[in-house]
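# Reading the structure
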Amino acid sequence: MTRALFASLAVVLVWFFDFPDACAVAEDGPALVQRLGCLRCHRWDGVKILEEGPSLEFAGDKLRPAWVDAFLEDPSGSRMPGNALSTEGRSQISRFLRTLREDKPRPRSGTGDPARGEKLYEENRCGTCHLSEVDLSATPAKIRRDWLVDFLLNPEEAQPGARMPQYPLGRGEAEDLAAYLLVGGDPEVESDSSPAGLTAFLEAGCIACHRLGRYQGKELTKIIHERDRFRVHLTGKSDVPRLALSAAEQAAVWATLDEWMAGGPGGGGAFGPTDFGKYWSLPVPSQGDPPGQWTGLEGSLSPSACGVCHPMQHGDWKTSLHARAYSPGFRAELESTGDPTCLECHVPLSEQRADENLRRRGITCAGCHVRRHRRHGPPLRRSDTRPFGALRPHGGAEQVDYFEDSKFCGGCHQFEEGGVELNGKPIMNTYAEYLESPAAKEGETCQSCHMPDRRHLWRGIHDPDMVRDALRVEASKDGTISITNLAGHQVPTYVVPRIVLMAWLENAAGKEIPASRKAWKIERVIELMGMASDREISDTRLRPGESRKYSYGEIAEEAATFVVAMDVEPDAFYSNLYRQRLEAPDLEPDMRDLYQEALIHPMTPPYRLLTRRVSLPPKGKRGPADQAAPR
């Protein structure tokens, strides 16, 4: 737990037995919050009062009893201050810590092979961190084998807040690595445990620095959104410590907490469940300076920094269009038009305006997840509700429900009402299309399709598998083609892509019959003439849930096969636009290079989505249409 937990108990005792007169002296809010000890019970990651020790939540699973006994007797060389505990007091606390175990089945680990473990240690470059940041020399005498194996398999589950990333180890490999790390340790010996040491643990003040969830107050960033309940605490009408503050002192406390929530002195500036509009203020306001105690890695806004601890998300992001939002073609258009509006979504961070290297990263992790250096994300999926302390990298993260709401995507994938419209429809209208779709009515979200299992891939028109899942295509022997849009928005949803449906006939030798090819385009065609002169030429897209039939017409007598194919051109609009730009005789050389690069290496090249082949009976034996199998 957190030092705050222990302090909470200590402060509670002071409040009940010798609480000073809170109304005697008028104080400003920060001084009052500090004097009342709020941050001893309630965590606030942006404010640091005491140095935090490691969690003791499941110390009995993790620590060897002999090591605990020796450490309590002589903690010199550690951050823990010396204490005047009696021999009996130390024994009681040690026996109490052995009771702190996780109630779950734990497979007994094998002995493992230290030689194989040493090889794994070197192959995974464990020494990169453990030679400079985390000393492992005490591990053989300190750590239990079974816990270490569990930790190596899943660091975050075994020790919430752990800085070590998860490696793809099998149980056998984890046992080998544990065997290597524990070389030189004595055999593990169980000893007596007793819950009776809790009193000694609390009276010694251990909870002031060590997290122990059952004795910790709720995090302030959560409580502040529950003002009515928290107000009872301030007025002394609850079963928690009775502060009984005056009206003026209550106002001072609220003003201080509000300032911290807004990112003021010492505050983290967390966003709550009702702050969605403020969260998506674009461009994202400057983060300011990170907390002084953070490392450079924790305060970095670079995606590669996030990837150190979130390798899967970073790997996904690198393959996505978000990572390429500041593409050569986009940069050329930005220079050509001089309109910075598109920057708000393509490079949303204010810091990207001045940092070319960060700007080239496009839509970064921080663009969605970081505000005022506070990290935000969706609610935790695991059932674990143990609190994380301030030692968690970058102070942990705020969990907010709207990360799982489609409106989160609408911040960029929907142009504002009253903005640029052609034929009464915004250029980007995806979120509005979604709200009217069967998917929305059935409770499906953008994330459920485009971020399955929370993968940061954001697959769309550029991904063949995604498009195949979005369209049901059927072909019949009479030349009828049926297409149904299964997506939660129009297909395609934007003006950039084009889908081309084609059909032709082949003879018995498998050769295409001349002049038999027909094509239909599914797209929204616009013409950019310069703002007020822009216009929509046509719109043949499929609405959500819409089924549409195309008729090939008369089938030639010599035809043996009816062939249907579908091509997708994800960047059709821009490809045509860039070619037009290159025709300008006065185009600057650097601009010409950008447009040519965009055409040579497009965001997504055209691709063949599907081909259907329907065998036709001889002309004289052709009867009613029989549908070929869909998809």
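To be clear, the structure that these remarks concern was listed above.
Residues numbered from 1 in each chain as written. Predicted model: local features only at pLDDT ≥ 70, side-chain atom pairs only at ≥ 80, totals over all residues. Heavy atoms only, no water.

### Quick notes on the sheet that holds strand β13 (residues 561–569)
- Reading across from one edge, β9-β8-β13-β14 is the order of the 4 strands in this open sheet, with antiparallel pairing throughout. Both outer strands of the open sheet, β9 (518–522) and β14 (607–615), are each paired with one neighbouring strand and no more. Here the strands of the sheet are splayed against their neighbours by 15° on average, with no regard to which way each runs.
- Strand direction decides the pairing type here: strand β8 (residues 498–506) and β9, joined by 5 bridges, are antiparallel. The residue of β9 that forms the bridge with A503 is K518. (Pairing = 2+ DSSP bridges. Helix = DSSP H or I, 4+ residues; strand = E, 2+ residues; numbered from the N terminus. Axes fitted to C-alpha atoms, helices over the stretch in contact; angles between N-to-C directions.)

### As for the environment of P464
- As for its position among the elements, P464 is in helix α29 (residues 464–470).
- By relative accessible area, P464 is classed as partly exposed at 25%. (Buried < 20%, exposed > 50% of the residue type's maximum accessible area, 1.4 Å probe, protein only.)

### So, the sheet that holds strand β6 (residues 471–475)
- Spatially, β6-β7-β12 is the arrangement adopted by the 3 strands of the open sheet, whose pairing is antiparallel. At either margin of the open sheet sits one strand with a lone partner, and together these are β6 and β12 (547–551). With strand direction ignored, the average angle separating the axes of adjacent strands in the sheet is 15°.
- Inspection of the sheet shows strand β7 (residues 480–485) paired to β12 by 5 bridges, in the antiparallel sense. Opposite S482, over in β12, you have K549 as the bridge partner.

### Quick look at a negative patch on the surface
- A surface patch of negative charge is lined by E335, D586, E588, D590, D593 and E597.
- Top element by residues in the negative patch is helix α31 (residues 589–600). It accounts for 3 residues.
- Turning to its location among the elements, E597 is positioned in helix α31. (Patch = residues over 30% accessible without salt bridge, like charges linked within 9 Å, V, L, I, M, F, W, Y side chains within 5 Å. Areas by Shrake-Rupley, 256 points an atom, 1.4 Å probe, with all protein chains shown as cover. Salt bridge = Lys/Arg side-chain N within 4 Å of Asp/Glu carboxyl O. Lys, Arg positive; Asp, Glu negative; His and termini not counted. Charge placed at Lys NZ, Arg CZ, Asp CG, Glu CD.)

### Looking at the packing of helix α21 (residues 328–337) against α31
- Running from amino to carboxyl end, α21 crosses α31 at an angle of 145°, the nearest separation of the two axes being 8 Å. By crossing handedness, the relation of α21 to α31 is classed as left-handed. Touching P328, G329, R331, A332, E333, E335 and S336 of α21 are M591, L594, Y595, E597 and A598, all from α31.
- Classifying every residue of the contact of α21 with α31 gives 6 nonpolar, 2 polar and 4 charged. (Left-handed = near helix turned anticlockwise from the far one by under 90°. Contact = heavy atoms within 4.5 Å. Nonpolar A, V, L, I, M, F, W, Y, C, P; charged D, E, K, R; others polar.)

### Concerning the environment of E512
- Note on placement: E512 falls in the loop between β8 and β9.
- Note on E512: relative accessible area 35%, which makes it partly exposed.
- Through-space distance from the C-alpha of E512 to that of A559 is 9.0 Å; in sequence the pair is 47 residues apart.
- Among the polar contacts made by the side chain of E512, one reaches the side chain of R517 at a distance of 2.9 Å. (Polar contact = N/O pair within 3.5 Å; in protein donor to acceptor, adjacent residues only side chain to side chain.)

### Brief notes about unusual backbone geometry
- P283 follows L282 through a cis peptide bond whose omega is -5°.
- Structurally, P283 can be placed in the loop between α17 (276–279) and α18 (296–299).
- The omega torsion across V491 and P492 is -10°, close enough to zero to call that bond cis.
- Mapping P492 onto the fold places it in the loop between β7 and β8.
- A positive phi angle, near 50°, is found at R372, a position not held by glycine.
- Here R372 is to be found in the loop between β1 (370–371) and β2 (374–377).

### Observations regarding the packing of α21 against helix α30 (residues 572–582)
- It is the contact of α21 with α30, at a shortest axis distance of 12 Å, that shows an interaxial angle of 55°. The orientation of α21 relative to α30 falls into the category oblique. For the pair α21 and α30, the crossing hand works out as left-handed. On α30, the residues that touch G329, F330, E333 and S336 of α21 are L577, Y578 and R581.
- Of the residues that constitute the contact of α21 with α30, the class distribution is 3 nonpolar, 2 polar and 2 charged. (Parallel < 35°, antiparallel > 145°, perpendicular 65-115°, else oblique.)

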